[in-house]
Amino acid sequence: RRYGLWFRLRKVILWLLGVYIAIPFLVKLCPAIQAKLVFLNFVRVPYFIDLKRPQDQGLNHTCNYYLQPEEDVTIGVWHTVPAALWKNARGKDQPWFEEALGSSHPVILYLHGNAGTRGGDHRVELYKVLSSLGYHVVTFDYRGWGDSIGSPSERGMTYDALHVFDWIKARSGDNPVYIWGHSLGTGVATNLVRRLCERETPPDALILESPFTNIREEARSHPFSIYRYFPGFDWFFLDPITTSGIKFANDENVKYISCSLLILHAEDDPVVPFHLGKKLYNIAATSRSFRDYKVQFVPFHTDLGYRHKYIYRSPELPRILR
């Protein structure tokens, strides 16, 4: 009986070891697998929500739009008006919400991270906080996320963000427009703002929450990467990311950005290590492109428990944003 148990256990161990060794070769042969692991756009959490009905998530002053950045690409957008406009927003349709962007309130374009949708719980809570502080919040799902149509790619995500930014600017008049990126969305945000600065239409400020330096360093530092000590890790796992055209080079982009920059990062972030956010700040703070602009790094102590996506809970956030 002991021999039979040991035999079965050994078979399981050998099978698991075989799978562990096979996965790097599979990723190397099929770079699209690694791209899916970066985007995680197939993970839709929470499930069973109707993105056409933001009011079901407690956003009664939010309108759902659909925009078309390119042919065969449609993206779902939510526009939450400032809390001061909540009563006026009741029962209003898209034209009213679009016109409201011209009211005397600043606008935040929020670029979310990988996995989930614009209706993710922590994202919805942030919209509520920002709305209560007097901001319009415009957010959307990149092509391939949520109910947005198209295939995900770094280029496509950046173009979607550019399209929404231009759509906002065409309606917001002289109101300030800020870009807020979270996690993977920080890569989209710096891509976008670099492009805006190059065409001399920068936003009024850039806010990066839980940012990394570039996708290779993030993948290498990610605590869930069980292969980081695997021989040939870069060749097996990081090179396929680059082959797929995925860079999200925040550390390079900040050298070409000319607007105020605010970086927020929790010390106990288990997804994007705190040291990557600090490293990005050090690169930006010494960049000549920021010499005429304020660059600020705000850490949140481990004891606060904000981790990767709960900085919105900070009672200091209104003061920090002011």
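Below is a summary of the structure that appears in this document. Given the structure is predicted, the values throughout are model-derived calculations rather than measurements.

About the thresholds
- Residues numbered from 1 in each chain as written.
- Predicted model: local features only at pLDDT ≥ 70, side-chain atom pairs only at ≥ 80, totals over all residues.
- Heavy atoms only, no water.
- Helix = DSSP H or I, 4+ residues; strand = E, 2+ residues; numbered from the N terminus.
- Expected span 1.5 Å × (residues − 1).
- Buried < 20%, exposed > 50% of the residue type's maximum accessible area, 1.4 Å probe, protein only.
- 1 Å grid on protein atoms, 1.4 Å probe; cavity = no way out; pocket = protein on both sides within 12 Å on 5 of 7 lines; lining within 4 Å.
- Points joined across faces, edges and corners; volume = space filled by probe spheres on them.
- Salt bridge = Lys/Arg side-chain N within 4 Å of Asp/Glu carboxyl O.
- Pairing = 2+ DSSP bridges.
- Right-handed = clockwise from strand over helix to strand, strands pointing away.

1. Comments concerning helix α6 (residues 154–172)
So, step 1. A rise of 1.5 Å per residue sets the reference length of α6, with its 19 residues, at 27 Å; its end C-alpha atoms lie 27 Å apart and thus fit the reference within 8%.
So, step 2. Restricting attention to buried positions, one finds in α6 the residues E154, G156, M157, T158, D160, A161, L162, V164, F165, W167, I168 and S172.
So, step 3. Residue G173 follows α6 closely and has a positive phi angle near 60 degrees.

2. Focus: empty space enclosed by the protein
So, step 1. In total, this model carries one cavity of 30 Å³ or more according to the counting rule given.
So, step 2. When its volume is computed, the largest cavity comes out at roughly 40 Å³.
So, step 3. Looking at the largest cavity, the residues that line it are Y110, H122, R123, L126, H182, E209, K309 and Y312.

3. Considerations on the pattern of salt bridges
So, step 1. Overall, the coordinates contain 13 salt bridges when judged by the stated rule.
So, step 2. Residue R171 pairs with E98 through a salt bridge whose shortest N-O separation is 2.7 Å. Separated by 73 residues along the polypeptide, R171 in helix α6 and E98 in helix α4 (residues 94–100) bring together distant segments of the chain.
So, step 3. Among the residues examined, E98 registers a relative accessible area of 18% and is labelled buried.
So, step 4. Residues joined by salt bridges that share partners form a network here, namely E70, R143, R155 and D160.

4. Structural notes on the pairing of strand β6 (residues 205–209)
So, step 1. Among the five residues of β6, five are classified as buried, and the element is accordingly described as predominantly covered.
So, step 2. Burial along β6 is two-sided: the residues A205, I207 and E209 and L206 and L208 are all buried.
So, step 3. Relative to β6, strand β5 (residues 177–182) runs parallel, the two being bridged by five bridges. Looking across to β6, one finds that H182 is bridged to E209.
So, step 4. The handedness of the β5 to β6 crossover, carried by helix α7 (residues 184–198), is right-handed.

5. Comments concerning unusual backbone geometry
So, step 1. Unusually for a residue other than glycine, S183 sits at a positive phi of about 55 degrees.
So, step 2. Here S183 lies in the loop between β5 and α7.
So, step 3. Even without being glycine, E200 reaches a positive phi, approximately 65 degrees.
So, step 4. Of note, E200 is situated in the loop between α7 and β6.

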